[in-house]
Amino acid sequence: MEKIDRSYLRYLRYTVQWGIFFFLVYAGYKFYLFVEHFTYAETLTPAPETILSMRPPSVEGFLPIGALMALKLWLTTGIFDRIHPAGLVIFTAAVSMALLLKKSFCGWICPVGALSDTVWKLGRKIFGRNFILKPYADYPLRSLKYALLLFFVYVIVIKMPPDAILHFLEGDYYKIADVKMLYFFTMMTTTTLISLSLLFIFSLFIKNFWCRYLCPYGALLGILSLCSPLKITRNKDACIDCGKCAKNCPSLLPVDRKIRIHSPECTGCLTCVSHCPAKGALDMAFTKNSIMNPLVFAILIAGLFFGAVAIGKITDRWNSAVTYEEYKRIIPQTSMLEHP
Ligand code: SF4
Ligand code: SF4
């Protein structure tokens, strides 16, 4: 057997994931200062343009339901959401990545995925292992995220007409949906705190608990990723049956027993490839004989995501059109605004 060491792929992924994570923490802090200005507008008086420039559009990545509505509106009418355009750009990038490069948004970009990964590794350190649910519990639990997805698809994609979507997107509630999201974390209710604590505890024991069982965004990307021409592919002639790929797969996929991984759970994280010691045994590939260099795969992921962001910025589809005066009027009423 010719040996190979591709552990660098793991470090590359951690660098991308955590780079984005810390960027978003910084963006969250800037957004907090932006919102504070409107909460205590009387004490600070910089120019409105200076205040608006403090608002990081990237926080709109946390509004995928609004982005799903905006995507439907865009595809059916050509109208591009001007309230949270960055949210639509990020969502479109994630969908395109899923169609071409597996569920790589989850494996390489999503900050929740990065956190989830850290929590189960912490659990493994504390308890010496992670736990795998038996199929009779695993399958019904996994269907939860698809049930949530089905609900959103039914309500938004099937039932909601484009004019109703436009009305919602242009309303006051959606204009400060990002502020509501911020308050979800900075002004936690007891229910939120208990739910997040439970999520943390379950995530210590079970790998990627949120992603595996509850995230409808991941469910959507997983289904779309079935169309991706690239799949993890095992060459059984070069494979030495060491089982390291399956043992290290965060999605618990039986990589060592399959020739091609068709699962919607595969995030394209390349962890299996990075652990495989046999040259030519495991790769991301179009077909068994048409392999893609994993570095090229990683570059394509970064290129597609950051390329979409760059196009959004260049075409002026990144910054929100909500004005300073609108924020000044709406933000102080955030807690009173109900879903229309
Ligand atoms: S099969 Fe490989 S690429 Fe897919 S989730 Fe498992 S470790 Fe990641
Ligand atoms: S494909 Fe999996 S089982 Fe085969 S050599 Fe690589 S890590 Fe071992």
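No experiment lies behind these values; they were computed from the predicted model shown. (Residues numbered from 1 in each chain as written. Chains lettered and ligands numbered in written order. Predicted model: local features only at pLDDT ≥ 70, side-chain atom pairs only at ≥ 80, totals over all residues. Heavy atoms only, no water.)

A short note on the overall build of the chain
So, point 1. Counting secondary structure elements, the chain contains 17 helices and three strands.
So, point 2. Expected size for 340 residues packed as a compact globule is a radius of gyration near 20 Å; at 22 Å, the chain falls within 12% of this value.
So, point 3. Considering only C-alpha atoms, the chain reaches an extent of 70 × 45 × 40 Å along its principal axes.
So, point 4. Within the chain, the proportion of its 340 residues that are buried is 46%.
So, point 5. Here the contacts in the chain between residues at least 6 apart in sequence split such that 80% fall between residues at least 24 apart.
So, point 6. Carbon and sulfur atoms form 68% of the exposed surface of the chain, whose accessible area is close to 17,300 Å².
So, point 7. Taking the average place of the 36 positive charges on the side chains of the chain and the average place of its 22 negative ones, the gap between the two points comes to 13 Å. (Helix = DSSP H or I, 4+ residues; strand = E, 2+ residues; numbered from the N terminus. Rg over C-alpha atoms; globule rule 2.2 N^0.38 Å. Buried < 20%, exposed > 50% of the residue type's maximum accessible area, 1.4 Å probe, protein only. Contact = heavy atoms within 4.5 Å. Areas by Shrake-Rupley, 256 points an atom, 1.4 Å probe, with all protein chains shown as cover. Lys, Arg positive; Asp, Glu negative; His and termini not counted. Charge placed at Lys NZ, Arg CZ, Asp CG, Glu CD.)

Focus on the packing of helix H6 (residues 111–127) against helix H11 (residues 190–205)
So, point 1. Contact geometry of H6 with H11 gives a least axis separation of 6 Å together with a crossing angle of 65 degrees. In terms of crossing hand, the pair formed by H6 and H11 is right-handed. On H11, the residues that touch Val119, Trp120, Leu122, Gly123, Arg124 and Phe127 of H6 are Phe200, Ser203, Leu204 and Phe205.
So, point 2. Its residues placed into classes, the contact of H6 with H11 shows seven nonpolar, two polar and one charged. (Axes fitted to C-alpha atoms, helices over the stretch in contact; angles between N-to-C directions. Left-handed = near helix turned anticlockwise from the far one by under 90°. Nonpolar A, V, L, I, M, F, W, Y, C, P; charged D, E, K, R; others polar.)

Some remarks on the nonpolar core
So, point 1. Counting residues in each nonpolar core, the largest one holds 81 residues, and the members touching the most others are Phe105, Ile232, Val255 and Ile331.
So, point 2. It is helix H4 (residues 85–101) that contributes the most residues to this core, eleven residues altogether.
So, point 3. Among residues more than four places away in sequence, those in contact with Phe105 are Ile90, Ala94, Met97, Cys110, Tyr217, Leu221 and Phe305. (Core = buried A, V, L, I, M, F, W, Y, C linked by side-chain atoms within 4.5 Å.)

What to know about the packing of aromatic side chains
For any pair of aromatic rings, the description consists of the separation of the ring centres together with the inter-plane angle of the planes.
So, point 1. Tallied over the full model, the rule gives 22 aromatic pairs.
So, point 2. A centroid spacing of 4.7 Å and a plane angle of 20 degrees characterise the contact between Phe127 and Phe205, whose relative ring orientation is stacked. Residue Phe127 is found in helix H6, and its partner Phe205 is found in helix H11; the two are separated by 78 residues along the sequence.
So, point 3. Here Phe151 and Phe152 contribute two aromatic rings whose centre-to-centre distance is 5.4 Å and whose plane-to-plane angle is 65 degrees, an arrangement assigned as edge-to-face.
So, point 4. Taken together, Phe31, Phe34, Phe38, Tyr324 and Tyr327 form an aromatic cluster joined through their ring pairs.
So, point 5. In this structure, Lys207 packs its charged tip against the face of Trp120, placed 4.7 Å from the ring centre.
So, point 6. One cation-aromatic arrangement involves Arg317 over Phe80; the distance from NZ or CZ to the ring centre is 4.6 Å. (Phe/Tyr/Trp six-rings, centres within 6.5 Å; stacked < 30°, edge-to-face > 60°. Lys NZ or Arg CZ within 6 Å of the ring centre and 35° of its normal.)

Digging into the site of ligand 1
So, point 1. Within the structure, ligand 1 sits among 13 residues, and Cys249, Cys266, Cys269, Leu270 and Cys272 are positioned closest to it.
So, point 2. In terms of residue class, the shell around ligand 1 is made up of nine nonpolar, four polar and no charged. (Near = heavy atom within 4 Å.)

Quick look at the site of ligand 2
So, point 1. For ligand 2, the set of nearby residues contains 13 residues, the closest of which are Cys239, Cys242, Gly243, Cys245 and Cys276.
So, point 2. By residue class, the composition of the shell around ligand 2 is eight nonpolar, one polar and four charged.

Describing a nonpolar patch on the surface
So, point 1. Taken together, Leu122, Ile126, Phe127, Phe131, Ile194, Leu198, Phe200, Ile201 and Phe202 make up a surface patch of nonpolar side chains, about 800 Å² in accessible area.
So, point 2. For the nonpolar patch, the secondary structure elements donating two or more residues are H6 and H11.
So, point 3. Here the nonpolar patch gets five residues from one element, more than from any other, and that element is H11.
So, point 4. As for its position among the elements, Phe131 is in the loop between H6 and helix H7 (135–159).
So, point 5. Residue Phe131 is classed as partly exposed on the basis of its relative accessible area of 32%. (Patch = residues over 30% accessible without salt bridge, like charges linked within 9 Å, V, L, I, M, F, W, Y side chains within 5 Å. Salt bridge = Lys/Arg side-chain N within 4 Å of Asp/Glu carboxyl O.)

Let's talk about helix H8 (residues 162–169)
So, point 1. Within H8, burial applies to Ile165, Phe168 and Leu169. Summarising the axial view, the buried residues of H8 lie within an arc of 95 degrees, below the 170-degree limit, and thus occupy one face. Opposite the buried face of H8, at more than 90 degrees from it, the exposed residues are Asp163 and His167.
So, point 2. Looking at the packing, one finds that the buried side of H8 touches helix H3 (64–77) and helix H9 (172–175). (Arc of directions from axis to C-beta.)

Section: a positive patch on the surface
So, point 1. A cluster of basic residues, Lys3, Arg124, Lys125, Lys244 and Lys247, forms a positive patch on the protein surface.
So, point 2. For the positive patch, the elements supplying multiple residues, two or more each, are H6 and helix H14 (244–248).
So, point 3. Along the chain, Lys3 turns up in the segment before helix H1 (8–39).
So, point 4. For Lys3, a relative accessible area of 66% translates into the label exposed.

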